[in-house]
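Structural overview for review
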Amino acid sequence: MSKVFEIPTCIPDLTHHIVKGEHPEAANSHKYHISKCTWDRPNHSPITVAVKVIRVLQPKNVLDLTERYDELLQEIRVWGRLQNEHVLPVLGHVYGHGHLPSLVFPWMENGSLTNFLREHETLDRGERFRLLQDIASALQYLHIIAVVHGDLTEQHFG
């Protein structure tokens, strides 16, 4: 595949090490979908990862792709500098999952915060409060380093 849209070298290219899963779409929104895949790591055990595929519905021309690519590069510039225990790290990127390169993140077995709470209805107040503290800590970290999350929903808390 031609790499017309290049990703900065600080985010490793995992294209030849990511294997698509049986159920390709694990979650989605109007801007992206998440695929559950396997990272076949050389000299290590394979691990499950999430591949975030940017949605580009029927691109009419290269300008449609370029605009979404610019958004992706901005996201990479931001994610690439985040280092916090409550913020998922970007593990790499892949080509071939959509029109544009896709980002690879650790797989969160419990999914979004909504899914987690649905599956764990018996959490006591203390456990729920700890979740809120973790979320507040992540947001505080983002604001301290001048990052404003422009699309904050329960899907982003995994």
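In this text, all values refer to a predicted model and were calculated from it rather than measured experimentally. Every residue gets a number counted from 1 within its own chain, in the order that chain's sequence is written. Two thresholds apply to this predicted model, a pLDDT of at least 70 for residue-level local features and 80 or more for giving and counting side-chain atom pairs, whereas whole-chain, interface and lining totals are computed over all residues. Think of the side-chain values as coming from all heavy atoms in the structure, minus any hydrogens and water.

1. Some points on the pattern of salt bridges
Salt-bridge detection follows one rule: a side-chain nitrogen of Lys or Arg within 4 Å of a carboxyl oxygen of Asp or Glu. Within this structure, the stated rule accounts for two salt bridges. Here Glu75 ties to Lys52 by a salt bridge, and the two come within 2.7 Å at their closest N and O atoms. Residue Glu75 is located in helix H1 (residues 62-79), and its partner Lys52 is located in strand S4 (residues 47-54); the two are separated by 23 residues in the primary sequence. Exposure is judged per residue with a 1.4 Å probe applied to protein chains only, and the accessible area is read against the type maximum: over 50% gives exposed, under 20% gives buried, and values in between give partly exposed. On the accessibility criterion, Glu75 (17% relative accessible area) is buried. Note on Lys52: relative accessible area 13%, which makes it buried. Here Arg68 and Glu71 are joined by a salt bridge, their closest N and O atoms 3.0 Å apart. With Arg68 and Glu71 both in helix H1 and three residues apart, this pair spans about one turn of that helix. Helical segments are the DSSP runs of H or I of at least four residues, strand segments are the runs of E of at least two, and each set is numbered from the N terminus.

2. Here we look at the packing of aromatic side chains
Only Phe, Tyr and Trp rings take part, Trp by its six-membered ring, and two of them pair if their centres are within 6.5 Å. Stacked means planes under 30 degrees apart, edge-to-face means over 60, and tilted covers everything else. If you walk through the whole model with that rule in mind, you get one aromatic pair. Pairing Trp79 with Phe105 gives two aromatic rings, centres 4.9 Å apart and planes at 65°, and the pair type is edge-to-face. Of this pair, Trp79 sits in helix H1 while Phe105 sits in strand S6 (residues 102-106), and the two are 26 residues apart along the sequence. Judged by relative accessible area, Trp79 falls into the partly exposed class, the value being 22%. A positively charged side chain is recorded as over a ring if its NZ (Lys) or CZ (Arg) lies within 6 Å of the ring centre. The angle to the ring normal must also be within 35 degrees. Over the face of the ring belonging to Trp39 we find Arg41, whose NZ or CZ atom lies 5.8 Å from the ring centre.

3. What to know about H1
Each helix should span, by expectation, one fewer than its residue count multiplied by 1.5 Å. The end-to-end C-alpha separation of H1 is 25 Å, in line with the 26 Å expected for 18 residues at 1.5 Å each. In this analysis, two residues are considered to be in contact whenever any of their non-hydrogen atoms come within 4.5 Å of each other. Residues of H1 that are buried sit in contact with S4 and S6.

4. Some points on the side chain of His93
Its place among the elements puts His93 in strand S5 (residues 92-94). Residue classification places His93 among the buried positions, given a relative accessible area of 3%. Contacts described as polar in this section are N or O atom pairs within 3.5 Å, which, within protein, must combine one atom able to donate a hydrogen with one able to accept it, while residues neighboring in sequence count only if both atoms come from side chains. Of the polar contacts made by the side chain of His93, one reaches the backbone oxygen of Ile11; its length is 3.0 Å.

5. Some thoughts on the side chain of Lys52
There is a polar contact of 2.7 Å between the side chain of Lys52 and the side chain of Glu75. The contact partners of Lys52, leaving out residues within four places of it in the chain, are Tyr32, His33, Ile34, Glu75, Ser102, Leu103 and Phe105.

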